Amino acid sequence: MLKDRLKYLLKQLPIPLTKNHKYDILTRKIIHRHLGSTDNAIDVGVLDGEILDDYLKAAPNGIHTGFEPIPEKINRLQAKYEGKNIRIEGYALSNESGESSFNLVESNPSYSGLKKRTYDKPNEVDTSIKVQMRRLDEYLDELKDIKLIKIDVEGAEYLVLEGGKALIARDKPLLIFEHGIGGADVYGIRPEQLFALVSEELGYEIFLLDTYLKKQSPLSKYDLVKEFDSGSNYYFVAAHPLKA
């Protein structure tokens, strides 16, 4: 608990200590800029609920939905948000429904996912569990007027987007997602595929987090491939021109 509390306090510092910390700060800024008090948002890969906490601060009167398949996390999240306008769904989102194996990294749950990703640290302890998968589009009639979706599922982000195309096309929410080597490549996904889905099919423009906040130009397909292959950046935001 002390370790978790220390991590939380470090993440609140305004000056980034690591690249991930920088992404946390920029993501928080985007959430608070984009969400109004009554807007609805979705968090895919909730873990401990830090993004949902930001949703509540930025949009206290909105209805927010979190998807998290790790059983221990589900129980804690449901207790944490009991009585609040947050709904926790204990599913792994993908592009299909049904039961699936899931790689639970006991030593570092943030690395967990449908497939075993490449770890940045040695000696991680993991195990395989069974989880239920659903597509985001199965919630099309339940989730309305979605303004923002954050997706961080250790490489399966493309599958989540593919399984939510109808909802995304309907509401055109802002998308914040991870896409990097060590995760996406484990699923056989390349940035060219992501660009084809997000930009060419769904009509979005893709940005780095800081260039979006500075209202600079979006990334071309070439730019996205370069960011991916070089490992320079692995967190992105996509905005639909009609909802920018």
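Each remark here, short or long, concerns the structure printed above.
How each quantity is defined
- Residues numbered from 1 in each chain as written.
- Predicted model: local features only at pLDDT ≥ 70, side-chain atom pairs only at ≥ 80, totals over all residues.
- Heavy atoms only, no water.
- Core = buried A, V, L, I, M, F, W, Y, C linked by side-chain atoms within 4.5 Å.
- Buried < 20%, exposed > 50% of the residue type's maximum accessible area, 1.4 Å probe, protein only.
- Axes fitted to C-alpha atoms, helices over the stretch in contact; angles between N-to-C directions.
- Helix = DSSP H or I, 4+ residues; strand = E, 2+ residues; numbered from the N terminus.
- Parallel < 35°, antiparallel > 145°, perpendicular 65-115°, else oblique.
- Left-handed = near helix turned anticlockwise from the far one by under 90°.
- Contact = heavy atoms within 4.5 Å.
- Pairing = 2+ DSSP bridges.
- Salt bridge = Lys/Arg side-chain N within 4 Å of Asp/Glu carboxyl O.
- Expected span 1.5 Å × (residues − 1).

So, the nonpolar core
What tends to happen in soluble globular proteins is that the nonpolar side chains get buried as a cluster. With 43 residues, the main nonpolar core has Val44, Ile149 and Ile206 as its most contacted residues. Of all hydrophobic cores here, the second largest spans 28 residues; its members include Tyr55, Leu56, Ile88 and Leu174.

A few points about the packing of helix H7 (residues 191-201) against helix H9 (residues 221-230)
Following both chains from N to C, one finds H7 and H9 inclined at 140 degrees, their axes separated by 9 Å at the closest point. In this view, H7 runs oblique relative to H9, as classed from their interaxial angle. Here H7 runs over H9; the crossing is right-handed. In contact with Pro191, Glu192, Leu194, Phe195 and Glu200 of H7, H9 contributes Lys221, Leu224, Val225 and Phe228.

Remarks on the pairing of strand E10 (residues 235-239)
Here E10 lies mainly inside the structure; five of its five residues are buried. Side chains Tyr235, Val237 and Ala239 of E10 all project onto a buried face; the interleaved residues Phe236 and Ala238 project onto the opposite face, where all are buried too. Two strands pair when backbone bridges link them, and strand E8 (residues 174-178) and E10 are joined in this way by four bridges, in the antiparallel orientation. Considered in E10, the bridge of Phe177 is made with Phe236. Pairing of strand E9 (residues 205-208) with E10 involves four bridges; the strand directions are antiparallel. Across the sheet, residue Ile206 finds its bridge partner in E10, namely Ala238.

Notes on the pattern of salt bridges
Per the counting criterion, the structure on display carries 17 salt bridges. Between Glu138 and Arg134 there is a salt bridge whose closest N-O contact spans 3.0 Å. Exposure remark for Glu138: the relative accessible area of 26% places this residue in the partly exposed category. One salt-bridge network, in which partners are shared between bridges, spans Arg87, Glu89 and Glu142.

What to know about helix H2 (residues 19-34)
With 16 residues, H2 ought to run about 22 Å at 1.5 Å a step, and its terminal C-alpha atoms sit 22 Å apart, in line with that. If you check which residues of H2 are buried, you get His21, Tyr23, Ile25, Leu26, Thr27, Ile30, Ile31 and His34.

Observations concerning the sheet that holds strand E2 (residues 64-67)
A sheet is described by the order of its strands in space; here seven strands give the open sequence E3-E2-E1-E7-E8-E10-E9, paired in mixed fashion. Across the chains shown, the open sheet's two edge strands, defined by having one partner strand only, are strand E3 (86-89) and E9. Each neighbouring strand pair of the sheet contributes to a mean axis angle of 15 degrees, computed without reference to strand direction.

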